[in-house]
Amino acid sequence: SGVTIACVSNGKGVVAADVVSWYATSVSGSGSLVVAGTGWTAWDSSWVLYAPEWTHLRGFVSALDNAPAVSMSSQSVVVKDAGQILGSCPNSVLTWTSTIWAGGVIGGRVQVSITKSLLASGPALKTLRFGTVMMVKQGAVLTWQQGNIALADGANLTVYGSLLVNNAGY
């Protein structure tokens, strides 16, 4: 279907499932989407990782390694401004066909696979965090058009396809 799931402005969402398949996913402003596996262990994992620092839930890490994985696919993904897409369950795989990354955070204990294109555009900081492994698959293209990309907290970006860097003005 042609449905777009969007978290905008201060919108926050948690999706808990074993398999998620959306046509389009978009986060912008300071919107945040957490993708988790099923059950209370996955929910607890989401809270342990992403609850505000002042809450008592931070630091209960015993549930993290047992949280069930999620498999998420989306044909079109847009992350911009200070928006966030976060995964909370280890061994989860997010497979995105075409992605526009114009700021914000992609993070969590997940593997993100880009199968066709990733456009890094706009001046806003683009950050991979929290142990994310992003792979631009063979045959896919990462076009770094503008702005900085930061890797933090054990994140990794590997390009098996092509990397095109716009160096105009430098």
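Residues numbered from 1 in each chain as written. Predicted model: local features only at pLDDT ≥ 70, side-chain atom pairs only at ≥ 80, totals over all residues. Heavy atoms only, no water.

Draft legend 1. Structural context of the overall build of the protein chain. The number of helices and strands found in the protein chain is one helix and 13 strands. What you see in the protein chain, going N to C, is helices and strands ordered as β-β-β-β-α-β-β-β-β-β-β-β-β-β. Out of the 170 residues belonging to the protein chain, those deemed buried represent 42%. Roughly 8,400 Å² of accessible area belongs to the protein chain as shown, and the carbon and sulfur atoms make up 54% of that amount. (Helix = DSSP H or I, 4+ residues; strand = E, 2+ residues; numbered from the N terminus. Buried < 20%, exposed > 50% of the residue type's maximum accessible area, 1.4 Å probe, protein only. Areas by Shrake-Rupley, 256 points an atom, 1.4 Å probe, with all protein chains shown as cover.)

Draft legend 2. Molecular detail of the pairing of strand S7 (residues 104-120). In this structure, strand S6 (residues 84-102) lies alongside S7, joined through 13 bridges in parallel fashion. Note that in S7 the partner of Trp101 across the bridge is Ala120. As paired strands, S7 and strand S8 (residues 126-129) are joined by four bridges and run parallel to one another. Across the sheet, the residue bridging to Gly107 is Arg129, located in S8. (Pairing = 2+ DSSP bridges.)

Draft legend 3. Structural detail: the environment of Cys89. Tracing the sequence through the fold places Cys89 in strand S6. On the basis of relative accessibility, which here comes to 0%, the residue Cys89 falls in the buried class. Expressed as a C-alpha distance, the spacing of Cys89 and Leu49, which sit 40 residues apart in the sequence, is 9.6 Å.

Draft legend 4. Spatial organisation of the confidence of the model for the protein chain. Chain-level pLDDT for the protein chain is 88 on average; 89% of the residues reach the 70-or-more range. Ranking the helices and strands of the protein chain by mean pLDDT puts strand S9 (residues 133-136) first, with 98, and strand S1 (residues 4-7) last, with 70. (pLDDT = per-residue confidence, 0-100.)

Draft legend 5. Spatial organisation of the side chain of Ser32. Position of Ser32 among the secondary structure elements: in strand S4 (residues 32-36). Residue classification places Ser32 among the buried residues on the basis of a relative accessible area of 7%. Excluding its chain neighbours within four sequence positions, the residues that come into contact with Ser32 are Cys7, Gly11, Lys12, Gly13, Gln84 and Leu86. (Contact = heavy atoms within 4.5 Å.)

Draft legend 6. Just the environment of Val136, in detail. Position of Val136 relative to the elements: it lies in strand S9. We classify Val136 as buried; its relative accessible area is 0%. Residue contacts for Val136: discarding those within four places in its chain leaves Ile114, Leu118, Val141, Leu142, Leu157, Thr158, Val159, Tyr160 and Gly161.

Draft legend 7. View of unusual backbone geometry. Of note in the backbone geometry, Asp81 takes a positive phi value of approximately 60° without being a glycine. Tracing the backbone shows Asp81 in the loop between strand S5 (71-80) and S6. A positive phi is found at Asp153, a non-glycine position, where the angle reads about 55°. Within the secondary structure layout, Asp153 lies in the loop between strand S11 (149-151) and strand S12 (156-159). Look at Asp153 and you get partly exposed, because its relative accessible area is 46%.

Draft legend 8. Expanded view of the nonpolar core. One finds Trp96, Trp101, Ile106, Val112 and Met134 to be the most contacted residues of the largest nonpolar core, which totals 29 residues. Looking at this core, the elements that each hand over two or more residues are strand S3 (19-27), S4, S5, S6, S7 and S9. In terms of residue count, the dominant contributor to this core is S7 (six residues). Leaving out residues up to four positions away in the same chain, Trp101 has contacts with Val79, Ile106, Leu118, Leu119, Ala120, Ser121, Lys126, Thr127, Leu128, Met134 and Ile149. (Core = buried A, V, L, I, M, F, W, Y, C linked by side-chain atoms within 4.5 Å.)

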